Amino acid sequence: MPAPVLSRRDLDFLLYEWLDVESLTARGRFAEHSRETFDAVLDLSADMATKHFAPHNKKADAQEPRIGDDGRVEIIPEVKAALDLFAKAGLIGSSFDEELGGMQLPVTVLRAAMAWFQAANAGTSSYPFLTVGNANLIATHGSEEQIATYVPSLLEGRFFGTMCLSEPQAGSSLADITTKAVPQDDGSYRLTGTKMWISGGDHELSENIVHLVLAKIPGGPAGVKGISLFIVPKILVGADGQLGERNDVALVGLNHKMGNRGTTNTLLNFGDGTFTPAGRAGAVGYLLGEPHKGLSYMFHMMNEARIGVGFLATSLGYAGYLQSLEYARTRTQGRPLGDKDPSSPPVPLIEHADVRRMLLAQKAYVEGALALGLYCSQLVDEQQTAEDEDARARAGLLLDMLTPVAKSWPSQWCLEANSLAIQVHGGYGYTREFDVEQYYRDNRLNPIHEGTHGIQGLDLLGRKVVMQGGAGLALLGETIGRTVARGTQAGGDAARYAEQLQAAVTRVGATTARLWGTGDPELALANSSVYLEAVGHVVVAWMWLEQLLAAGTREGDFYDGKRAAARYFFAFELPKTGPQFDLLDSLDRTTLDVQPTWF
């Protein structure tokens, strides 16, 4: 029997023993739910992911989408079959309002459920992942007519959604996009331009594809302040909800990637005349929200997606960890160091200390990342449903602080977990017969996906820690401080780790002040990626102290494993931040002073 892709025992510990998500059922939005309904969703997700997503993961990787002779995208049939079941189960709309066809499930539970699909099949799970974010943005910022036209169909899985930001010449620099939207007398717009790297941008998996497109209205402000957001359906939708004629959105080509091959990744032309009827120039689009506020609206989806990318990275790292753990338990090789008898039987790999080190590192990375993702998801629930307005505001502020870390830290360190999983497998791990090779390739996208490490570092150090006069950073320190106080009171290892954590938090504050005290933003931000990594390690150390305290004095292998992973993180990982903070405090100018001609 194949190794599982996720640990239900770990999810139960994090959801119920640590975060106490069952207490959310006392709130009006979740009053119809209970531990039983949460478990039912998790059980269904685990079963569907195992039976309908995992089996075609390798096939979708080997037989990636292609453009057929008729110009349509061809995808192996198992993908649509799995997505039809996913939609039929109501999982796309599980966290949405009941009036829109949703189940009003807590985001924390939804993320835990979705992690099963992400671990089982990154490529196939990307389609509903994008659709949920698309529908959420329209539901939040769209008009009543737009919501009625698109959201129910998105939640039913009849329509799928995308986000169209990047352009070939602009990449992550959205100030340089050139796609334009010209207003029409009927209130619609005509869009012309090209979008690149659009995941799920074209396929035959759904009746329609709803593109959310960033574009500039002629005469608007320059740069990002002039960006607006538009709904541009692949097939136009009539007032009666029926599908009409093809919109002028043309597939130019598919990008063939290193990993995550099961998801179409496209180059799209808007308004190039491919599908334009006589008398109409450009793709028909509808302004979402107000003009020139498109980037702020899109960040609503992007911030949601960034936490989701962190979950994807975590899930792939977790799947690889469990695969390597199973391999290390069953594969025999070598003998104990003191055994000099060549005729004695070889021992399982897990008997070797260095293999246990690699397994423990993976465990510390993936379980720490999963805790961080679920904690951030609970902040979303708190921000949306806490009865006290101050509590909502604090949850939102803390979530803003943690989002760059929740996206980037798993993308870096769960990828490292995948690398270690290959190492545990030895030469076999490098072959396509073993899943860990694909997990690594699939996960390598996530350090780039939805904002690179460099962008997240600039966001954390350049925006988040200084917003509201440093209120977000102060709140993070205060929140970690409460965990430190509980750890100190608990005594033993928890108290020792609490002391280490508090020292690291103090350094975060001091280093932040040192960087911004120069009055030179360029110098302050020169090594922001180092800052992001160091702060990320401090945050995940906090997650491990939280898990240690949640385990308490409970006995058993599961809890002993948690204690061992916490010990590893505080002994092997948190100390790495010391030299990083030293480097940052030195205001090193190497990256600023090096000249392009020197390379």
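Computed from a predicted model, the values in this text were never measured in an experiment.

The rules behind the values
Residues numbered from 1 in each chain as written. Predicted model: local features only at pLDDT ≥ 70, side-chain atom pairs only at ≥ 80, totals over all residues. Heavy atoms only, no water. UniProt positions renumbered as here; feature names shortened; annotations may be inferred. Helix = DSSP H or I, 4+ residues; strand = E, 2+ residues; numbered from the N terminus. Contact = heavy atoms within 4.5 Å. Salt bridge = Lys/Arg side-chain N within 4 Å of Asp/Glu carboxyl O. Buried < 20%, exposed > 50% of the residue type's maximum accessible area, 1.4 Å probe, protein only. Axes fitted to C-alpha atoms, helices over the stretch in contact; angles between N-to-C directions. Parallel < 35°, antiparallel > 145°, perpendicular 65-115°, else oblique. Left-handed = near helix turned anticlockwise from the far one by under 90°. Nonpolar A, V, L, I, M, F, W, Y, C, P; charged D, E, K, R; others polar. Pairing = 2+ DSSP bridges. Arc of directions from axis to C-beta. Core = buried A, V, L, I, M, F, W, Y, C linked by side-chain atoms within 4.5 Å.

Considerations on the UniProt feature "domain: Acyl-CoA oxidase/dehydrogenase middle" (unreviewed entry) in the protein
UniProt records the feature "domain: Acyl-CoA oxidase/dehydrogenase middle" (unreviewed entry) at residues 163-237, using the numbering of this structure. End C-alpha atoms of residues 163-237 are separated by 19 Å, and the span's content is 0% helix alongside 48% strand.

Some remarks on the environment of Ile-422
Its location among the elements puts Ile-422 in helix 10 (residues 389-425). Along the primary structure Ile-422 and Ser-324 are separated by 98 residues, whereas in three dimensions their C-alpha atoms are 7.5 Å apart. Not counting residues within four places of it along the chain, the set of residues in contact with Ile-422 comprises Gly-429, Tyr-430, Val-436, Glu-437 and Tyr-440.

Quick look at the pattern of salt bridges
With the rule as written, the count across this model stands at 36 salt bridges. The partner of Lys-58 in a salt bridge is Asp-435, with the nearest N and O atoms 3.6 Å apart. With Lys-58 in helix 3 (residues 57-62) and Asp-435 in helix 11 (residues 435-443), this residue pair connects regions lying 377 residues apart in the sequence. Take Lys-58: its relative accessible area is 31%, and that puts it in the partly exposed class. Through salt bridges with shared partners, a single network forms among Arg-8, Asp-12, Arg-35, Asp-39 and Asp-43.

Re the packing of helix 13 (residues 471-490) against helix 14 (residues 492-516)
Relative to each other, helix 13 and helix 14 sit at 160°, their axes nearing to 7 Å. One finds that helix 13 runs roughly antiparallel with respect to helix 14. Relative to helix 14, helix 13 is oriented so that their crossing is left-handed. Of helix 14, the residues touching helix 13 (which contributes Leu-473, Gly-477, Ile-480, Gly-481, Val-484, Gly-487, Thr-488 and Ala-490) are Gly-492, Ala-494, Ala-495, Ala-498, Leu-501, Gln-502, Val-505, Val-508 and Thr-512. For the contact of helix 13 with helix 14, the class distribution of residues is 10 nonpolar, seven polar and no charged.

So, the pairing of strand 6 (residues 208-216)
With nine of its nine residues buried, strand 6 lies for the most part within the structure. Burial along strand 6 is two-sided: Asn-208, Val-210, Leu-212, Leu-214 and Lys-216 and Ile-209, His-211, Val-213 and Ala-215, pointing in opposite directions, are all buried. Bridge count for strand 3 (residues 159-164) against strand 6 is six bridges, and the pairing is parallel. By the bridge assignment, Met-163 is partnered in strand 6 with Leu-212. Of the strand pairs in this sheet, strand 6 and strand 7 (residues 227-233) are connected by seven bridges, and their pairing is antiparallel. Bridging from a neighbouring strand, Leu-214 pairs with Leu-229 of strand 7.

Points about helix 18 (residues 577-585)
Of the residues making up helix 18, those classed as buried are Thr-577, Gln-580, Phe-581 and Leu-584. The buried residues of helix 18 all sit within an arc of 95° when viewed along its axis, so they share a single face. As for helix 18, its buried residues are in contact with helix 14, helix 16 (528-551) and helix 17 (557-573).

Topic: the nonpolar core
Ranked by size, the top nonpolar core spans 168 residues in total, and within it Met-298 and Leu-501 carry the most contacts. Residues in contact with Met-298, not counting those within four places in the same chain, are Leu-137, Met-163, Cys-164, Leu-165, Leu-212, Leu-214 and Leu-229. In terms of nonpolar packing, the next biggest core, distinct from the first, is built from 18 residues, Val-73, Cys-164, Tyr-189 and Ala-215 among them.

Focus: the pairing of strand 9 (residues 243-246)
Inspection of the sheet shows strand 8 (residues 235-237) paired to strand 9 by two bridges, in the antiparallel sense. Considered in strand 9, the bridge of Val-237 is made with Leu-243. Where strand 8 folds back onto strand 9 in an antiparallel hairpin, the turn is made up of five residues, including Gly-241, whose phi is positive at roughly 85°.

Focus: the packing of helix 1 (residues 8-18) against helix 2 (residues 35-53)
Relative orientation of the contacting elements helix 1 and helix 2 amounts to 150°, with a least axis distance of 12 Å. Classed by the angle they form, the pair helix 1 and helix 2 counts as roughly antiparallel. In the crossing of helix 1 with helix 2, the sense of the turn from one axis to the other is right-handed. From helix 1, Arg-8, Asp-12, Leu-15 and Tyr-16 reach across to helix 2, where they touch Arg-35, Phe-38, Asp-39, Leu-42 and Asp-43. The class makeup of the residues in the contact of helix 1 with helix 2 is four nonpolar, no polar and five charged.

Thoughts on the environment of Val-405
On the secondary structure map, Val-405 appears in helix 10. Considering only alpha carbons, one finds Val-405 and Ala-369, 36 residues apart in sequence, at a separation of 9.8 Å. Val-405 has contacts with Leu-372, Pro-410, Leu-460, Leu-532, Val-535, Gly-536 and Val-539, leaving out every residue within four places of it along the chain.

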